[in-house]
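# Summary of the model geometry
Given next are the chains, with one letter for each unit.
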There are 2 protein chains.
Amino acid sequence: MSHFRAEIAEQPEVASRLLAQGADAAMSIGERIREVAPHGFLIAARGSSDNAALYAKYLFGVRNRALVTMAAPSLFTHYAHPPRLEGQCVIGVSQSGESPDVIAVVEEGRRQGSLTLAITNEGDSKLARAAELVLPMHAGPELSVPASKTYTASLLALALISQAMNPDPVFESALDAVPQAIARTLERDTELHALVPPLTGPRAVVLGRGFNFSTAEEVALKLSETSYVLARAWSVADFEHGPIAIVEAGLPVLIIDGGGPVVSDLESVTERLAAMGCHVLRLFDMSGLPEALTPIPLAVQGQLLAHQVAVARGMDPDRPRAIHKVTRTW
Amino acid sequence: MSHFRAEIAEQPEVASRLLAQGADAAMSIGERIREVAPHGFLIAARGSSDNAALYAKYLFGVRNRALVTMAAPSLFTHYAHPPRLEGQCVIGVSQSGESPDVIAVVEEGRRQGSLTLAITNEGDSKLARAAELVLPMHAGPELSVPASKTYTASLLALALISQAMNPDPVFESALDAVPQAIARTLERDTELHALVPPLTGPRAVVLGRGFNFSTAEEVALKLSETSYVLARAWSVADFEHGPIAIVEAGLPVLIIDGGGPVVSDLESVTERLAAMGCHVLRLFDMSGLPEALTPIPLAVQGQLLAHQVAVARGMDPDRPRAIHKVTRTW
């Protein structure tokens, strides 16, 4: 079994461990954030972690009414004109904790006196040392190049922080149900078989909206990294605003459906695409989690699907062409 | 001649008119912003206008040391949990001024007491009426569905506001040189012919970084809308972090090069891609403008190129499949 597939399977255990071992750290991070009362959150991240940051934009927006900004790291590294960060909480998300550009953003935040937080799987990494606060993912070593367990762990870490900022017993119970929701998702692996053949071509479109726009980006990235499909994600609204022009009969379009108030948009685009002869595929959530947490089981479905597509195309998902586990972008 | 091609050609005149007729409005907007001294800027936009917002993220970051956040409109429209916007300057960018989701973000900003600004080609639109401040683009009616002159006008409008916030005589002279830079770019139309054949296939990658990451997104959008190529833009750093795995011999990769401190990244990815057998294409700037303004002539090159690709594929760029001039996403 590939590392990628083995680590996908570890996720119920990783989530349970993070809930057990991360709860206290998240609580004191939440207290510190409430004390500082930042104007907003600036998140620096790359790749899968950037998709986790996109999730935080919706999660912190809806649950905490907080404004989330995605950092443009080159302002910090190339242009030497970092923006003023007074009053921001600066968060770096990095599995390895060794991405120089993510570290540079957090270091600048600290220099400017902002509250800084690292979410990383390596509690002794440079990123962890740069930040005032650290929430370790407790995911164990990740050997596969495409991230799986560290992605869902970073989502869960962000959800723990959101809950610590604005505690709510209903959301607390939902968090506790995450490991079981992942386990049930893993059992449905074979149900994804039917989606594989349309996704073995040169290109694919992945659509989501709201919370699961982040999942659409993450599934597109996984398909690209493991199977070399040029998969492009859009929010449904952005897609219908222009890029829908590319659609033609037979184009595979994968829709990420986690329920909630965006469902009518997903249904209406599905009808349009079906009428245009697209091959419309769908990942939908059956976990019973609230929409705000469905990006976790839906990302797991996406990982399972990317793994199946890679196997169907005869590729080794542990060894994507041209990339390495720690990419030192600057 | 198509509306699209005719409106591409109008851009020197549009830029001159905006410089002449928009300068006073921009100056008083700049004064009002300095008076309010916002913590940051929240920009709501869709499609091409969203790429203009991405440009502002770099421009306001480098020139004004201001933090720019891209709005997630569904927080305002679907989830009914808009983030707290105290201290933000909320900007809506929309050619038509009629996008309900962009208007919803600006209305919420106003409700929360934020400074609000509309950048629109329709000075009497709903968006213009919703905002406290308005900078009209003065671009004249845009009949083509794919935006051209309103895209560069929105970039120039943002540059005028940046200059009004932090005046600088060197940047002032560079702004005055924009119409001539566009005119010279238009003269180089035939030099783009060689790039057309590799871009007539089903997919393409477009890369930029820093200021011209926005141009990469815009060129990818133009290619998708006019020629139905699935064109995907990445910043070079994000691309090398993972998606570079999709690269294979013959894949067309278009690099947007506006000079500046990101050039070494563009050169190093070019070498990697060439070694992998990619068809590496390049749009480079010869205008002599500072890097911060090269997204204007480079976007014009991208429009000319998209037009040529559409013609080569026998498509009518004025009538993209499935989309309309005003897309009422919500």
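Residues numbered from 1 in each chain as written. Chains lettered and ligands numbered in written order. Predicted model: local features only at pLDDT ≥ 70, side-chain atom pairs only at ≥ 80, totals over all residues. Heavy atoms only, no water.

### Observations concerning the domain arrangement of chain A
Residue and element names in this part refer to chain A. The domain boundaries assigned to chain A delineate domain 1 (3–176) and domain 2 (181–312). If you average the C-alpha positions of domain 1 and of domain 2, the two centres end up 25 Å apart. Listed by partner, the interface residues are 26 residues for domain 1 and 25 residues for domain 2. Both sides of the domain 1 and domain 2 interface together cover about 2200 Å² of buried area, and 75% of this is carbon and sulfur. The largest contributions to the domain 1 side of the interface with domain 2 come from Arg5, Tyr55 and Tyr58, which together make up 23% of the buried area. Our count for the domain 1 to domain 2 interface comes out at one salt bridge. Two residues, Arg5 and Asp189, come together in a salt bridge whose shortest N-O distance is 2.9 Å. (Domains from an automatic or database assignment. Contact = heavy atoms within 4.5 Å. Buried area = accessible area lost by both parts, 1.4 Å probe. Salt bridge = Lys/Arg side-chain N within 4 Å of Asp/Glu carboxyl O.)

### Focus on the relation of the copies chain B and chain A
When chain B is fitted to chain A, the residual RMSD is 0.0 Å, and the transformation amounts to a turn of 180° plus an axial shift of 0.0 Å. Overall, the copies show the geometry of a two-fold rotation axis. Nearest to the rotation axis, the C-alpha of B:Thr69 is located 2.5 Å from it, this being the minimum over chain B. Here 100% of the contact residues of chain B are again contact residues in chain A; the copies associate through an equivalent surface. (Least-squares fit on C-alpha atoms with pLDDT ≥ 70 in both.)

### Some thoughts on the sheet that holds strand E6 (residues 203–208) of chain B
All names here are of chain B. Taking strand neighbours across the sheet as the criterion, the four strands line up as E7-E6-E8-E9 in an open arrangement whose pairing is parallel. Because the sheet does not close on itself, it has two edges, and the strands there are strand E7 (230–235) and strand E9 (279–284). Each neighbouring strand pair of the sheet contributes to a mean axis angle of 25°, computed without reference to strand direction. Relative to strand E8 (residues 252–257), E6 runs parallel, the two being bridged by three bridges. Looking at E8, one finds that Leu207 is bridged to Ile255. Here helix H10 (residues 213–227) sits on the sheet in contact with E6, E7 and E8, set at roughly 175° to E7. (Pairing = 2+ DSSP bridges. Helix = DSSP H or I, 4+ residues; strand = E, 2+ residues; numbered from the N terminus. Axes fitted to C-alpha atoms, helices over the stretch in contact; angles between N-to-C directions.)

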